[in-house]
Amino acid sequence: MSRIRFYNTLTKKVDDFKPVVEGKVSLYTCGPTVYHFAHIGNLRCYIMEDILDRTLRYAGYDVKRVMNITDVGHLSSDADTGNDKMVEGAKREHKTVMEIAKFYADAFFSDLNKLNIRMPDVVEPATNCIPEFINMIQGLLDKGYAYQAGDNIYFDTSKLENYYALTNQNEDNLMVGVRDDVDEDTNKKNKADFVLWFTKSKFEDQELKWESPWGVGYPGWHIECSCISMKHLGERIDIHCGGVDNIFPHHTNEIAQSEAFIGHKWCNYWFHVHHLVDKNGKMSKSKGGILTVSVLEEKGYNPLVYRMFCLQSHYRKPLEFSYEVMDNMKAAYDKLIRTTNRIKKDANDGAVDKAVFDSYKEKFLDALGDDFNTSMAITLLYEVLKADTNNATKLALIEDFDQVLCLDLTKEVEAASVDSELEGFINEKIAERAEAKKNKDFAKADAIRDELLSKGIVLKDSREGTTWSLAE
Ligand code: AMP
Ligand code: ZN
């Protein structure tokens, strides 16, 4: 099994990956809160998590990936304050919470599909798991890690020595945040304590409620990921992922309640994707005017152009979105697909050269195994296109790399679009040649003529300009 290493938010360094059970990986992903469409920032996160998932599979691991769907309990501040996002969504659209949840969960799955993100092996909505939540909360109460106050159940963070292990936050800078919070919860014993179960809801119109030993109510947000993960992946998991905004409080609280409940370490590696930003800062759903996959499609971008845009940068750096960069990416993607299509068409030119194949494959896995260096992986793809080997070998490598990149590199573009793509390519070359001639670079001009001829395209110069035809 090949070596994979990546940055672990828990140890704050790049660690070699070693699963709990050899050859197998348990992978948990925080899923979306389904009160609105996912914006392309959220989807950057899922694209890079998909790379994590697919790289592990490519390296030969048997991966089980689990994702929750947050359809209850997520308040708008991400702490225990603000409004309930699902209730807000339902009010906005004059629908029930469950209708909203179903509609936006389906929209999310459709986005995953368009972006070639593999569907997790298990997708579980929070509202499916209320008995599991109640069981964990009861366990925390029995062990003295939770308390009841003002009719809600809270987790007592002062019972843990290392509550802040995952985060750069501490009691002091947390205090500042809380002081600024107009909605401060006076029932808490400690500032960082968080709600496990609400019975005294501050929302009169809270739609979804369940019976519990502490009265009719509903769960806090964090409990769902601990329970859903444990339900499907057991008490020791390998990797947990999400966006960097999840580090605190969400993942910090997940660790607190999970480890207090099971009494030992829970998850070994924490993988966090940095944000997509635009010139105004972090993209977020609550800001309104969100940029979605459908908006990109309406503007004429194939969703896979956005996938390629994400892969060109490292997941641990903020990524700035702009239409200028997307336009460049679209041109690069279209050109790439034209090239891979041509290679595919001409791939009956011999047997796959195993030595060449293996050496590129190894480099590709090395790049991805080095903290998921996706831009290097794409550079290697371009090297393959230019490599001194036959098309059969190139095609085998393109297909192999595309198991992780998933850019549909060998999917045949429709005949009509091949024609127009081809035409675009030829026109680009004619313009390049005219420019070379203008600069008296006749060697370059001849090289372009020969390049086109080798593809069966004949150029004819006249006083009106250059025309082309297919060779007999
Ligand atoms: P949500 O649906 O708000 O719970 O978010 C879904 C996922 O997207 C979470 O893992 C967030 O951390 C992540 N996320 C939110 N905003 C961004 C952003 N601008 N860029 C990248 N990831 C984000
Ligand atoms: Zn979560």
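The written sequence of each chain sets the order in which its residues are numbered from 1. Both sets of labels track the order of writing: A upward for chains, 1 upward for ligands. The predicted nature of this model means local features are confined to residues of pLDDT at least 70 and side-chain atom pairs, given and counted, to a pLDDT of 80 or more, with totals for whole chains, interfaces and linings taken over all residues. Computation of side-chain values covers all heavy atoms of the structure but excludes hydrogens and water.

For the chain, the domain assignment lists domain 1 (5-144 + 159-172 + 219-273), domain 2 (300-405) and domain 3 (420-470). Reported domain spans reflect what an automatic or database domain assignment gives. The centre of domain 1, based on its C-alpha atoms, is set 30 Å off from the matching centre of domain 2. Contact between two residues is taken to exist if any of their heavy atoms lie within 4.5 Å; hydrogens are not considered. In this assembly, 23 residues from domain 1 lie in contact with 27 residues from domain 2. A simple way to read buried area is as the amount of 1.4 Å-probe accessible surface that goes missing from two parts once joined, with both sides added. Interface area for domain 1 against domain 2, summed over the two sides, is near 2,300 Å², with a carbon-plus-sulfur share of 67%. When the buried area of domain 1 at its contact with domain 2 is split by residue, R44, I51 and Y58 rank highest and sum to 33% of it. What makes a salt bridge here is a side-chain nitrogen of Lys or Arg within 4 Å of a carboxyl oxygen of Asp or Glu, nothing more. At the junction of domain 1 and domain 2, the tally comes to 2 salt bridges. Two N or O atoms form a polar contact when they lie within 3.5 Å of each other; inside protein one atom must be a possible hydrogen donor and the other a possible acceptor, and for residues adjacent in sequence the pair counts only when both atoms belong to side chains. Across the contact surface, domain 1 and domain 2 share 12 residue pairs in polar contact (both at pLDDT 80 or more). Numbered from the N terminus, helices here are DSSP runs of H or I no shorter than four residues, and strands are runs of E no shorter than two. When residues in the side of domain 1 that touches domain 2 are grouped by element, the largest group, 11 residues, is from helix 1 (residues 40-58). Of the residues assigned to the side of domain 1 that touches domain 2, the class counts are 14 nonpolar, 4 polar and 5 charged. Side-chain classes follow a simple rule in which Ala, Val, Leu, Ile, Met, Phe, Trp, Tyr, Cys and Pro form the nonpolar group, Asp, Glu, Lys and Arg form the charged group, and the remainder, Gly included, forms the polar group.

An axis is simply a line fitted to the C-alpha atoms; with a helix, the fit covers only the stretch in contact. Between two such axes, the angle follows the N-to-C directions and lies from 0 to 180 degrees. Between helix 1 and helix 11 (residues 354-369), the shortest axis-to-axis distance is 11 Å and the interhelical angle comes to 140°. By the angle between their axes, helix 1 is oblique relative to helix 11. Between helix 1 and helix 11 lies a crossing whose hand is left-handed. Contacts between helix 1 and helix 11 pair I51, T55 and Y58 from the former with K361, F364, L365 and L368 from the latter. Between 65 and 115 degrees an angle is taken as roughly perpendicular, under 35 as roughly parallel, over 145 as roughly antiparallel, and anywhere else as oblique. We call a crossing left-handed when the near helix sits turned anticlockwise from the far one by less than a right angle, and right-handed when that turn is clockwise.

This part covers the coordination of the zinc ion (ligand 2). Every protein donor of the zinc ion (ligand 2) is listed here as C30 (SG), C225 (SG) and H250 (NE2), and their distances to the metal cover 2.0 to 2.2 Å. Between consecutive donors of the zinc ion (ligand 2), the numbers of intervening residues give the motif C-x194-C-x24-H. Highlighted residues: C30 in the loop between strand 3 (24-29) and helix 1 and C225 in helix 6 (residues 223-233), separated in sequence by 195 residues. A simple rule labels every residue: compare its accessible area, found with a 1.4 Å probe on the protein chains alone, to the largest value its type can have, and call it buried under 20%, exposed over 50%, or partly exposed in between. According to the relative accessible area criterion, C225 is buried, its value standing at 1%. Each metal's donors are the N, O and S atoms within 2.8 Å of it, or within 3.2 Å when it is Na, K or Ca, and because water is not part of the set, sites may look incomplete.

Here we take up the sheet that holds strand 9 (residues 218-219). On the basis of which strands lie adjacent, the open sheet formed by 4 strands has the order 6-7-8-9 and antiparallel pairing. Both outer strands of the open sheet, strand 6 (146-149) and strand 9, are each paired with one neighbouring strand and no more. Where strand 6 lies against strand 7 (residues 152-155), 4 bridges are found, and the strand directions are antiparallel. Within strand 7, the residue paired with Q148 across the bridge is I153. The sheet contacts of helix 4 (residues 130-142) involve strand 6, strand 7, strand 8 (194-198) and strand 9, and relative to strand 8 the element is tilted by about 125°. Only when DSSP finds a minimum of two bridges between them are two strands counted as paired.

Most of helix 6 sits inside the fold, with 9 of its 11 residues counted as buried. Taken residue by residue, helix 6 has I223, E224, C225, S226, C227, I228, S229, M230 and L233 as its buried positions. Among the residues trailing helix 6, G234 stands out with phi positive, at a value near 85°.

This brings us to the environment of C129. On the secondary structure map, C129 appears in the loop between strand 5 (122-125) and helix 4. You can call C129 buried: its relative accessible area is 0%. Separated by 100 residues in sequence, C129 and S229 place their C-alpha atoms 11 Å apart. Not counting residues up to four positions away in its chain, the partners in contact with C129 are E124, I228 and K231.

Turning our eyes to something else, we now look at unusual backbone geometry. Of note, the amide linkage connecting F248 to P249 takes the cis form, showing an omega dihedral of 0°. Structurally, the position occupied by P249 is in helix 7 (residues 247-262). One non-glycine residue, H94, adopts positive backbone phi at about 50°. With respect to the helices and strands, the residue H94 is situated in the loop between helix 2 (85-93) and helix 3 (97-114).

Let's shift gears to the nonpolar core. Here, nonpolar core means buried Ala, Val, Leu, Ile, Met, Phe, Trp, Tyr and Cys residues that are tied together by side-chain atoms lying within 4.5 Å of each other. The biggest cluster of nonpolar side chains holds 76 residues, and the ones touching the most others in it are I239, Y306, F321 and F401. Per-domain counts for this core show at least three residues from each of domain 1 (5-144 + 159-172 + 219-273) and domain 2 (300-405). Excluding anything up to four places from it in sequence, F401 contacts Y58, Y360, K361, F364, L380, L381 and V384. In this structure, C30, A256, I262 and C267 belong to the second largest nonpolar core, which totals 47 residues.

Ordered by their spatial adjacency, 3 strands build an open sheet running 13-12-14, and the pairing between neighbours is mixed. Edge positions in the sheet fall to strand 13 (281-282) and strand 14 (319-320), since each has one partner strand and no second. Note: strand 12 (residues 276-278) against strand 13, 2 bridges, orientation antiparallel. Its bridge partner being in strand 13, V277 is matched across the sheet by K282.

What follows concerns the confidence of the model for the chain. For the chain, per-residue confidence averages 90 on the pLDDT scale, and residues scoring 70 or more make up 90% of the total. Per-residue confidence from the predictor is reported as pLDDT, which spans 0 to 100. In this model residues 175-183 is a low-confidence stretch, pLDDT under 50, and it forms 7 contacts with partners more than four residues away in sequence or in other chains.

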